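Inside the fold
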Amino acid sequence: MKLRKFKYYEPQGLEEALSLLDRFGHVAAILAGGTDLVPLMKQKTVQAKHLINIKHLTELDFIRGDSMLEIGALTTIRGIEKSDFLQKKCPLLRDTAGRIGYVQIRNVGTIGGNICNASPAADFAPALMVLDATVEIASVDGKKSASINSFFLNPGETILDKNEMITRFWIPRTDEGTRCIFRKVPSGNSSGLAIASVAVLSSVDKVSGVVREARIAVGSMAPTPIRCFKTEKLLVGEKISDEILNIASQKIVEETKPISDIRGSREYRIHLIKVMTKDALMDIYWRNLS
Amino acid sequence: MKKRIEVTVNSEKYELAIETHKLLLEFLRDDLGLTGTKESCGMGECGACTVLLDGKAVNSCLILAVDADRKVITTIEGLAKEQNLDPLQESFIKMGAIQCGFCTSGMIMSAKALLNENPNPDISEIKKALAGNICRCTGYKKIIKAVRMVADSQKTR
């Protein structure tokens, strides 16, 4: 399957990339890993007259930071999966990376691409949402930032303007005693897109068994990845019991809007998200209390 | 629109001007005649077109040929050394880990990337490394065994 011709640009630095984006953003596509974009271009779902290949912007490929973690938008999924630094600082992102697609995809796909394509099934989204990550957005006008929790608008649509791109993610350090889990049921084909996924960040008081903090975000359960604030609120301050976990997993269903599609039915998604959320919460609390 | 690139494929250096919309897969098959790399789904789901780009397994159907500039590519044709097949190729033959053979190049290239990184993978690591390669003829047991056999034989050496 071939690609249609396009006008090709290979900026050597961020400034050059941004000025190209400013000129051609309305008719251009940005090529990062290309694992989403190239199939879309082959199917002619994306018809780009101009292609801006940003693979050479190595300045956007980094994992660093201390109290505030920073990950460059061009960091590959594989780079995150294999990062010893993240194993200590943020194992949730490492675990999540290891569940995306398969090796060939992870070797080239990037965290920035995973997020800005705004698939409801983007696996990094629920993880970054529970981590309360901030997205750094750049354009010729300068840099600004936005919460990942307000970044997605619709399937394939984000708050990014045509002349803007993601340059990095800021991830605040989580409190001592906080645990994070990413769960996903992938579809049967090799793409492994989530039928449903959930990321949970929570901590519980070891003595009283009362939930101190709870953040939950889900993928493939609504037109965009979403944070489930009502379920979180319901959990905080409650003592852990089977009953409260059942109520929470019911509440999460009320917060989501799953559809039936080729990967799974609405009913199956509802079943999965209830089971996965309860299971993830139990796992966190059991490990915290034992 | 063309761009000049410099690329090493199976230890041979090429310098040429290439169409910017040409895929790495097309460059390997159509320009270099290296037809061991197969196109099946063309959408990055089946792994038949897997090659090594700087040692990493990638789907050549999703990568622009210009992105191979100043990189090292290894295809299935680059594994055998003179008259000797790669241990993985020998092992696939010995185990009968082939039926129609269309997925085999990709399977072997993914396995090669795995063994380069981890010479002694267990079954679950092999399965994970081959998760992006689909066989539609038969199954995966002999393929996984063939990879494991190479790891075993190299351990005893």
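Located above this text is the structure these notes cover.
Right, let's walk through the structure included here. Values in this document were obtained by computation on a predicted structure and should not be read as measured data.

About the thresholds
- Every chain is numbered on its own, with residues counted from 1 as its sequence reads.
- Each chain takes a letter, starting from A, and each ligand takes a number, starting from 1, following the order in which they are written.
- Two thresholds apply to this predicted model, a pLDDT of at least 70 for residue-level local features and 80 or more for giving and counting side-chain atom pairs, whereas whole-chain, interface and lining totals are computed over all residues.
- Side-chain descriptors were evaluated using all non-hydrogen atoms of the structure, hydrogens and water having been removed beforehand.
- Surface patches are defined over residues having more than 30% relative accessible area and no salt bridge, joining like charges when they lie within 9 Å and nonpolar side chains (Val, Leu, Ile, Met, Phe, Trp, Tyr) when within 5 Å.
- Only the protein chains shown count as covering a residue, and every accessible area follows the Shrake-Rupley method with a 1.4 Å probe.
- Whenever a carboxyl oxygen of Asp or Glu lies within 4 Å of a side-chain nitrogen of Lys or Arg, that contact is scored as a salt bridge.
- What counts as a helix is a DSSP run of H or I of at least four residues, what counts as a strand is a run of E of at least two, and both are numbered from the N terminus.
- Expected span of a helix: the number of residues minus one, times 1.5 Å.
- Here, two residues are considered to be in contact whenever any of their heavy atoms come within 4.5 Å of each other.
- Remark: exposure states derive from per-residue accessible area (1.4 Å probe, protein chains only) relative to the maximum for the residue type, with buried under 20%, exposed over 50%, and partly exposed in between.
- Defined in terms of a 1.4 Å probe, buried area is the accessible area two parts forfeit on being brought together, summed over both.
- In protein, a polar contact means a hydrogen-donor-capable atom and an acceptor-capable atom, both N or O and within 3.5 Å, with residues adjacent in sequence counting only if both atoms are side-chain atoms; elsewhere, any N or O pair within 3.5 Å suffices.
- Under the convention adopted here, Pro, Cys and the residues Ala, Val, Leu, Ile, Met, Phe, Trp and Tyr are nonpolar, Asp, Glu, Lys and Arg are charged, and Gly plus all remaining residues are polar.
- Within this scheme the basic residues Lys and Arg register as positive and the acidic residues Asp and Glu register as negative, but His and the chain ends are omitted.
- To locate a charge, take atom NZ for lysine, CZ for arginine, CG for aspartate or CD for glutamate.

**Things to note about a nonpolar patch on the surface**
Side chains of Leu85(B), Ile93(B) and Ile98(B) sit close together on the surface and give an oily, nonpolar patch of about 250 Å² of accessible area. As for its position among the elements, Ile98(B) is in the loop between helix H2 (87-95) and helix H3 (104-117).

**Structural notes on helix H10 (residues 242-255) of chain A**
If you check H10(A), its first and last C-alpha atoms are 20 Å apart, about what 14 residues at 1.5 Å a residue would give, namely 20 Å. As for H10(A), its buried residues are in contact with strand S13 (211-219), strand S14 (226-227), helix H9 (229-235) and helix H11 (266-289) of chain A.

**A look at the pattern of salt bridges**
Applying the stated criterion across every chain yields a total of 32 salt bridges over all chains. A salt bridge links Asp205(A) to Arg212(A), with the shortest nitrogen-to-oxygen separation between them at 3.9 Å. Among the residues examined, Asp205(A) registers a relative accessible area of 24% and is labelled partly exposed. On the accessibility criterion, Arg212(A) (47% relative accessible area) is partly exposed. With a closest N to O distance of 3.4 Å, Arg70(B) and Asp69(B) form a salt bridge. Arg70(B) gets classed as exposed once you look at its relative accessible area, which sits at 60%. Beyond isolated ion pairs, a larger network of salt bridges with shared partners links Arg78(A), Glu81(A), Lys82(A), Arg106(A) and Glu117(B).

**Concerning the interface of chain A and chain B**
It is common to give the size of an interface as the accessible area lost on bringing the parts into contact. Every contact between the two is made by 34 residues of chain A and, on the other side, 35 residues of chain B. Surface buried jointly by chain A and chain B totals about 2,600 Å² across both partners, of which 54% is contributed by carbon and sulfur atoms. A per-residue breakdown of the area chain A buries against chain B is headed by Met1(A), Tyr8(A) and Gln104(A), which together make up 23% of the total. On the surface where chain A and chain B come into contact, there are five salt bridges. Our enumeration of links across chain A and chain B arrives at 15 residue pairs in polar contact (both at pLDDT 80 or more). At the level of secondary structure, the elements contributing two or more residues to the side of chain A that touches chain B comprise strand S1 (7-9), helix H2 (37-42), strand S3 (50-53), helix H3 (77-81) and helix H6 (103-108) of chain A. Broken down by element, the residue count for the side of chain A that touches chain B peaks at six residues, all from H6(A). Looking at the side of chain A that touches chain B residue by residue, the class counts come to twelve nonpolar, eleven polar and eleven charged.

**Examining a positive patch on the surface**
All names here are of chain B. A grouping of Lys127, Lys141, Lys142 and Lys145 is seen on the molecular surface, where their side chains present a positively charged patch. Residue contributions to the positive patch peak at three residues, all from helix H5 (residues 141-156). Note on placement: Lys145 falls in helix H5.

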